[in-house]
Amino acid sequence: MAVIRDVMPAFELLQPGSAADAQRLLEQNGEAAWVMAGGMDSFDWLKDRIKKPRVLVDLSGVDELRGVRVTSDGVEIGAMTTLTEIANHAEIKKNYGVLAEAVSLVASPQIRNQGTLGGNVSQDVRCWYYRGGWPCYRAGGNICYADTPVGRNREHAIFGGDRCIAVHPSDSVPALIALDAKFVVQSAKGERVIDAEDFYIGPQDDITHINILKPGDLLTAIRIPATFAGARFYFEKVRDRNVWDFPLMNVASAMKLSGNNIDQIRIAVNAVSPRPMRLKNVEDAVRGKPATPETGEMAGKLAIEGAKPLQFNAYKIPLMRNLVKRSITGVREATWTS
Amino acid sequence: MPEMDDPRQSEGAQRKVTRRQFILGVIAGGAVVSAASYRLLAPGHGRLSSANWSERLISINVNGKARRVEAMKQETLAWTLRYKLGLTGTKLGCDRAECGACTVLLDDVPHYSCSVLTHTVRNKKVTTIEGLAAADGKLHPVQQAVVDQQGFQCAFCMSGFIMATVGYLKQNPNPTRAELAHGISGNLCRCQDYSKILDSMMRGAEYTRNGFPAERRA
Ligand SMILES: Cc1cc2nc3c(=O)[nH]c(=O)nc-3n(C[C@H](O)[C@H](O)[C@H](O)COP(=O)(O)OP(=O)(O)OC[C@H]3O[C@@H](n4cnc5c(N)ncnc54)[C@H](O)[C@@H]3O)c2cc1C
Ligand code: SF4
Ligand code: FES
Ligand code: FES
């Protein structure tokens, strides 16, 4: 689509100074309101005239939503904390390094300076048909342009497609799932605390929504329990260019060992399915086993069971097998023996 | 209602003047720079209530000066800087956070000004390429390094690279070449002149730490 370089269409800009005021404004304006954190996902929609909210609720003045607090059980990260702040935060680097690494691989320095964690976990899919304003299933229509014999679907899903085959694009989310993070959502009814993986919705449940946020909901914080503090972590992102590009795939794992045996483990992969994918079956299969290349290979093979390639994305199957293997053994041991 | 509510009308009307006339007209506008050109160009959209007016007339700190400017709610900082304040050293390449040409500092941190709403920087310090040189005209060390090293080809990307570098050096004044390359990796050069750009920026880092070479100070 042609890039429009004119000023965006008009909207009302509301600039609350507290989370309570922000939530109230969202409640009052319902469907007409759009939350703006750093705006890095929002501006494309607005500039391209594809989403036309009447009201923008700008959170940039809500200081209480900013910053990382060390709590009695881990850390709490305000939704408005920038990705740069998280990547540089001493406690996160020391004990939750998988998240520091994940966010430091997002987009570009300037985007990380402005993009927030709340915005990163709440961002929409990147499928260009949808982003370009085509009236596909996800946009409320009744066709998927990516899932046709000529559809461009190199970046799309190998799991979990149901009419829509767009993938979840976030780099931070798999790290948060691996850390067993909880999302704190404020609404008129009060506060809800949701497991990271349950924040997301697949197309079989609601094809036009990517997460559980409803009009009036404000994501205020993300809590990371101390469960995996200082554990062994792995994060890897595969992308075309080393800057700006969304993941073709990423993997995150958090592992606690006794000796070389895996005691506790959580693994998540993103950009393979419309919902960020936690690999529970793999976790169950490797628990109690040694963290060796053999276990990694078994994990990799198990991870791709049931994967369905599209016309242009079959490469994602061996890629996922290898990334999952590495998430258990690290890069050095990850050459294949069988 | 604000007079800009219907973009179709204002876009249509705007086509009646050339872009250059429009820009020159706006720049000539003077101290309180306003969106008057829009109003003149969009008949029927000229009735502003005074409440709307006061809401949109804001003050932003640009290059150490308080600048009063009338900015639409949906206006980006790049737009305000270039077309309201006449600070055209900030370039617009992609307008989509994908090139870095529009990089400015907000409280000393590099941001893409194409992707910041002007109304959100009222409490911030904005620094553009025009604000780097000293009051007596002496160039900023990174600018001087570009002159000495002849770092760019067409230089459309230059002010963005310089701003990104100046911002990065505040965090890490003594970077390796690889660190600096990573630090300013949010900027693209269409002429693909990266090696020479990095030469200049490394020299800029050195000048920033140690001052200009003696012969240049004379
Ligand atoms: C060129 C480019 C490259 C990118 N590359 C990557 C990449 O490699 N990896 C990656 O993960 N991402 C990438 N992004 C996506 C994303 O824009 C950023 O990662 C950023 O973190 C989004 O945060 P934000 O605060 O700017 O979001 P915003 O645009 O402000 O918000 C994003 C969405 O979340 C909602 N939202 C935000 N905060 C809240 C809240 N507190 N409560 C309720 N809803 C909320 C908004 O309404 C909006 O729908 C890229 C974006 C661009 C433009
Ligand atoms: S993959 Fe999903 S978002 Fe993309 S065209 Fe198909 S339905 Fe739309
Ligand atoms: S013009 Fe802002 S990043 Fe390209
Ligand atoms: S020198 Fe031409 S774009 Fe960089």
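Notes on the structure in this doc start here. (Residues numbered from 1 in each chain as written. Chains lettered and ligands numbered in written order. Predicted model: local features only at pLDDT ≥ 70, side-chain atom pairs only at ≥ 80, totals over all residues. Heavy atoms only, no water.)

## Notes on the pairing of strand β4 (residues 68-71) of chain A
Heads up, the rule is: Here, a strand pair is defined by DSSP locating no fewer than two bridges between the strands. Comment: elements are numbered from the N terminus, with helices defined as DSSP H or I runs of at least four residues and strands as E runs of at least two.
Pairing between β4(A) and strand β5 (residues 74-78) of chain A: 4 bridges, direction antiparallel. Paired with Thr71(A) across the strands is Gly74(A), a residue of β5(A).

## Digging into the interface of chain A and chain B
The condition that has to hold: By the convention used here, residues are in contact when the closest approach between their heavy atoms is within 4.5 Å. The buried area of a pairing is the accessible area, by a 1.4 Å probe, that goes missing from both parts when the two are put together, added over both. In what follows, salt bridge is the name for a side-chain nitrogen of Lys or Arg lying within 4 Å of a carboxyl oxygen of Asp or Glu.
Every contact between the two is made by 33 residues of chain A and, on the other side, 40 residues of chain B. Together chain A and chain B conceal approximately 2800 Å² of surface at their shared face, both sides included; 54% is due to carbon and sulfur atoms. Among the residues chain A hides against chain B, the three largest losses belong to Val7(A), Gln110(A) and Trp244(A). Together they make up 23% of the total. At the surface where chain A touches chain B, the tally comes to 3 salt bridges. The residue Lys73(B) makes a salt bridge to Glu12(A) at a minimum N-O spacing of 3.2 Å.

## A short note on the site of ligand 1
The line we're drawing: What makes a residue near a molecule or strand is one non-hydrogen atom of that residue sitting within 4 Å of it. Two N or O atoms form a polar contact when they lie within 3.5 Å of each other; inside protein one atom must be a possible hydrogen donor and the other a possible acceptor, and for residues adjacent in sequence the pair counts only when both atoms belong to side chains. Residues are grouped as follows: nonpolar covers Ala, Val, Leu, Ile, Met, Phe, Trp, Tyr, Cys and Pro; charged covers Asp, Glu, Lys and Arg; every other residue, Gly included, is treated as polar.
Around ligand 1, the structure places 34 residues, and the nearest of them are Val35(A), Gly39(A), Thr116(A), Asn120(A) and Asp171(A). Residues lining ligand 1 come from chains A and B. Note that an oxygen atom of ligand 1 is positioned 3.1 Å from one of the backbone N or O atoms of Ala107(A). In the environment of ligand 1, an oxygen atom lies 2.6 Å from a nitrogen or oxygen atom belonging to the side chain of Thr116(A). Listing elements by their share of the shell around ligand 1, those giving two or more residues are β2 (33-36), α7 (117-122) and β8 (218-224) of chain A. Ranked by the residues each element gives to the shell around ligand 1, the list is headed by α7(A), at 4 residues. Of the residues in the shell around ligand 1, the class split is 18 nonpolar, 11 polar and 5 charged.

## A look at the nonpolar core
Where we set the bar: In this text, buried Ala, Val, Leu, Ile, Met, Phe, Trp, Tyr and Cys residues form a nonpolar core when linked through side-chain atoms within 4.5 Å. Type-normalised accessible area, obtained with a 1.4 Å probe on protein chains alone, sets the label of each residue: buried when under 20%, exposed when over 50%, and partly exposed for intermediate values.
If you look at the biggest cluster of nonpolar residues, it comprises 51 residues, and the most contacted ones within it are Leu99(A), Leu117(A), Val121(A), Leu176(A), Phe183(A) and Ile224(A). Every element with two or more residues in this core is listed here: β5, α3 (83-88), α5 (97-104), α7, α9 (172-178), β6 (182-187), β8 and β10 (249-258) of chain A.

## Thoughts on the site of ligand 2
Contacts to ligand 2 come from 13 residues, most closely from Cys127(A), Cys136(A), Cys144(A), Cys164(A) and Ile165(A). The class makeup of the residues in the shell around ligand 2 is 11 nonpolar, 1 polar and 1 charged.

## Thoughts on the packing of aromatic side chains
Note the following rule: Note on ring pairs: Phe, Tyr and Trp rings are taken, using the six-membered ring of Trp, and paired if centres are within 6.5 Å. Classes follow the plane angle, with under 30 degrees stacked, over 60 edge-to-face and the rest tilted. Note on geometry: a ring has a charge over it if NZ (lysine) or CZ (arginine) is within 6 Å of the ring centre and within 35 degrees of the ring normal.
By the definition in use, this model includes 11 aromatic pairs over all chains. Where Phe152(B) meets Phe161(B), the ring centres are 6.1 Å apart and the plane angle is 55°; that geometry is what we call tilted. Residue Phe152(B) is classed as buried on the basis of its relative accessible area of 12%. Taken together, Tyr129(A), Trp134(A) and Tyr145(A) form an aromatic cluster joined through their ring pairs. The side chain of Arg163(A) reaches across the aromatic face of Tyr137(A), ending 5.8 Å from its centre. Directly above the aromatic system of Phe212(B) lies the positively charged group of Lys138(B), at a separation of 4.9 Å from the ring centroid.

## Description of the side chain of Arg266(A)
Residues and elements named next belong to chain A. Mapped onto the secondary structure, arginine 266 falls in strand β11 (residues 261-270). Take arginine 266: its relative accessible area is 10%, and that puts it in the buried class. At 2.9 Å, the side chain of arginine 266 forms a polar contact with the backbone oxygen of isoleucine 177. The residues touching arginine 266, leaving out its near neighbours within four places in the chain, are Ile177, Ala178, Asp180, Glu197, Phe228, Ala252, Ser253, Ala254, Arg278 and Glu283.

## Quick look at the pattern of salt bridges
All chains considered together, the criterion is met by 34 salt bridges over all chains. A salt bridge links Asp41(A) to Arg126(A), with the shortest nitrogen-to-oxygen separation between them at 3.4 Å. Residue Asp41(A) is found in the loop between β2 and α2 (42-47), and its partner Arg126(A) is found in the loop between α7 and α8 (128-131); the two are separated by 85 residues along the sequence. Among the residues examined, Asp41(A) registers a relative accessible area of 16% and is labelled buried. Between Arg56(B) and Glu70(B) there is a salt bridge whose closest N-O contact spans 3.0 Å. On the criterion of sequence distance, the pair formed by Arg56(B) in helix α4 (residues 50-56) and Glu70(B) in strand β2 (residues 65-70) is long-range, its members being 14 residues apart. Here Arg56(B) matches Glu70(B) in class, with each residue buried. Bridged by salt links that share partners, the residues Asp180(A), Lys182(A), Asp195(A), Glu197(A), Arg266(A), Arg278(A) and Glu283(A) form one connected network.

This is a description of form; function is not addressed.
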